[in-house]
Amino acid sequence: QVQLVESGGGLVEAGDSLRLSCAASGLTFHWYTMSWFRQAPGKEREFVALITRSGGSTVYADSVKGRFTISRDNAKNTVSLQMNSLKPEDTAVYYCASKMMAVDHDPRSQDYWGQGTQVTVSS
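Residues numbered from 1 in each chain as written. Predicted model: local features only at pLDDT ≥ 70, side-chain atom pairs only at ≥ 80, totals over all residues. Heavy atoms only, no water.

Chemist: Teacher, can you tell me more about the pattern of salt bridges here?
Modeler: Two side chains carrying opposite charge are able to pair once their charged atoms lie near each other. If you walk through the whole model with that rule in mind, you get five salt bridges. Here R38 makes a salt bridge to E46, at a shortest N to O gap of 2.6 Å. Residue R38 is classed as buried on the basis of its relative accessible area, which comes to 5%. On the basis of relative accessible area, E46 is assigned to the partly exposed category, the value being 36%. The structure contains a network of salt bridges with shared partners spanning R38, E46, R67 and D90. (Salt bridge = Lys/Arg side-chain N within 4 Å of Asp/Glu carboxyl O. Buried < 20%, exposed > 50% of the residue type's maximum accessible area, 1.4 Å probe, protein only.)

Chemist: Whenever I open this one, the sheet that holds strand 1 (residues 3-7) confuses me. Can you help?
Modeler: One key point about sheets: their strands pair by backbone hydrogen bonds, in either a parallel or an antiparallel sense. What the four strands build is an open sheet, ordered 1-3-8-7; its pairing is antiparallel. Strand pairing shows two members of the sheet lacking a second neighbour, strand 1 and strand 7 (68-73), which therefore form its edges. For this sheet, the mean inter-axis angle between neighbouring strands, taken without regard to orientation, is 15°. As paired strands, strand 3 (residues 18-25) and strand 8 (residues 78-83) are joined by six bridges and run antiparallel to one another. Looking across to strand 8, one finds that R19 is bridged to Q82. (Pairing = 2+ DSSP bridges. Helix = DSSP H or I, 4+ residues; strand = E, 2+ residues; numbered from the N terminus. Axes fitted to C-alpha atoms, helices over the stretch in contact; angles between N-to-C directions.)

Chemist: Is there a simple way to think about the environment of T91 in this case?
Modeler: Relative to the elements of secondary structure, T91 occurs in the loop between strand 8 and strand 9 (92-100). For the pair T91 and S7, spaced 84 residues apart in sequence, the C-alpha to C-alpha distance is 15 Å. Every residue in contact with T91, bar those within four places of it in the chain, is listed here: A40, Q118, V119, T120 and V121. Within the local environment of T91, its side chain forms a polar contact with the backbone oxygen of P88, the two atoms lying 2.9 Å apart. In this structure the side chain of T91 is engaged in a polar contact, spanning 2.9 Å, whose partner is the backbone nitrogen of V121. (Contact = heavy atoms within 4.5 Å. Polar contact = N/O pair within 3.5 Å; in protein donor to acceptor, adjacent residues only side chain to side chain.)

Chemist: How should the side chain of S35 be read in this particular structure?
Modeler: With respect to the helices and strands, the residue S35 is situated in strand 4 (residues 32-39). When near neighbours in sequence (up to four residues on either side) are disregarded, S35 contacts F47, A49, L50, Y95, C96, A97, D104 and Q110.

Rendered as structure tokens:
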């Protein structure tokens, strides 16, 4: 049984930082591209960042480029998202997702999802 469990969300002020983590189990972690998505109230789920299986390449949404950093530890089956200079528009539920083999940031294509963690940024 595959499980992706996010943690690290919370309420912060604009300009603060947060670090999200996602712990994976029940899958061969290094076979999967790992991604972060987010969904704000009334909006569609959107891509935030992804990291390839080896961790050698990353892709970011334009809205977070330069502020967010995705990383992974294949020995610990974890993927993290360091979020700096947070803005109120970053407020959303953040989801960890996995896609076997392929590099794909379409939310409809992901194989597994976590339950999400709330990030709220006050102005």
